[in-house]
Amino acid sequence: PDHEVVKRGLDEVRRRKFHDTYSLGVALMLLEAVYANPNERQHLLDGLIDKPQPRVPSDEDRAIMQEWVDTLLENRDDRPDPAYLCRWTYNGGPAFDNSNTQYALLGLWSAKLCGIEIPTQTWWAAANHWIDSQCKEEGKHPLRTVTHRALANGAERPRTASLVPAAGWSYRGGNEAAYGSMTTAGIAGLTICAAALREDGVRGGKLGDYLNAVRQGHAW
């Protein structure tokens, strides 16, 4: 972020007015990255991080990010009650897709890391969308999972696999066929929502359902 070319690019981004969900999500991730520990990814892979690491943006950048968040929340599909179901389209209105929804949540998570307050209910409602839009099960798949932190602390990879129902995501859900990029979006979206809810002090309840859906996505 101290490179002269990058600094000029950041200044340009700060001046721009963004409206669509993709641009807002990426812009939020960009400013959050400015304040992230440059070694964070390696620390995560080495199992040294056990919870989200907050960032401390400047007052100016925080104000810009807040404006972007406000616009991003206006881009939700306006048909469902946002207290119960949150999903995004390009510029708001009666539509949604899982690609825009993924980028919205990536941006909101970056904002949360920077201290921007996101209503807890938004995370619940977004997670409900991913549960609601998950495709039908396609058999079962043997799954063995372990965290980087567990491996770093000496745990071995599981020798036996659990048979987990395989269920992915598509562009909009329903009767569409699941495919790789949107299943990745579903896994990422639900993981972000669960992490945000834990940060807000939520324990138990529907979190188990969300993480089980993530496992089904990994199995797919």
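Let me begin by describing the structure that accompanies this report. (Residues numbered from 1 in each chain as written. Predicted model: local features only at pLDDT ≥ 70, side-chain atom pairs only at ≥ 80, totals over all residues. Heavy atoms only, no water.)

Let's talk about the overall build of the protein chain
Assigned secondary structure in the protein chain consists of 9 helices and 2 strands. Starting at the N terminus and ending at the C terminus, the protein chain contains elements arranged as α-α-α-α-α-α-β-α-β-α-α. Taking the principal axes of the C-alpha coordinates as reference, the protein chain spans close to 50 × 45 × 30 Å. Looking at the 220 residues of the protein chain, the share that counts as buried comes to 43%. Here the analysis covers contacts within the protein chain between residues at least 6 apart in sequence; of these, 66% occur between residues at least 24 apart. (Helix = DSSP H or I, 4+ residues; strand = E, 2+ residues; numbered from the N terminus. Buried < 20%, exposed > 50% of the residue type's maximum accessible area, 1.4 Å probe, protein only. Contact = heavy atoms within 4.5 Å.)

Quick notes on the packing of aromatic side chains
Evaluated as defined, the whole model comprises 5 aromatic pairs. Pairing Trp130 with Trp169 gives two aromatic rings, centres 6.1 Å apart and planes at 85 degrees, and the pair type is edge-to-face. Here Trp169 lies in the loop between β2 (162-165) and α8 (180-199) and Trp130 lies in helix α6 (residues 120-133), a separation of 39 residues in the sequence. For the pair Trp130 and Trp169, a shared accessibility class is recorded, and that class is buried. (Phe/Tyr/Trp six-rings, centres within 6.5 Å; stacked < 30°, edge-to-face > 60°.)

Considering the environment of Lys206
Mapped onto the elements, Lys206 comes out in the loop between α8 and α9 (207-219). Assessed through its relative accessible area of 41%, Lys206 is described here as partly exposed. Once residues within four sequence positions are removed from consideration, Lys206 is found in contact with Trp124 and Asn128.

Considerations on the pattern of salt bridges
Close approach of charged atoms allows side chains with opposite charge to pair. The tally for this structure, following the rule as stated, stands at 13 salt bridges. Among the salt bridges present, the one from Asp200 reaches Lys112, with a minimum N-O distance of 2.7 Å. Placement of the pair is Asp200 in the loop between α8 and α9 and Lys112 in helix α5 (residues 98-113), with a sequence separation of 88 residues. A network of salt bridges, in which partner residues are shared, links Asp11, Arg14 and Asp61. (Salt bridge = Lys/Arg side-chain N within 4 Å of Asp/Glu carboxyl O.)

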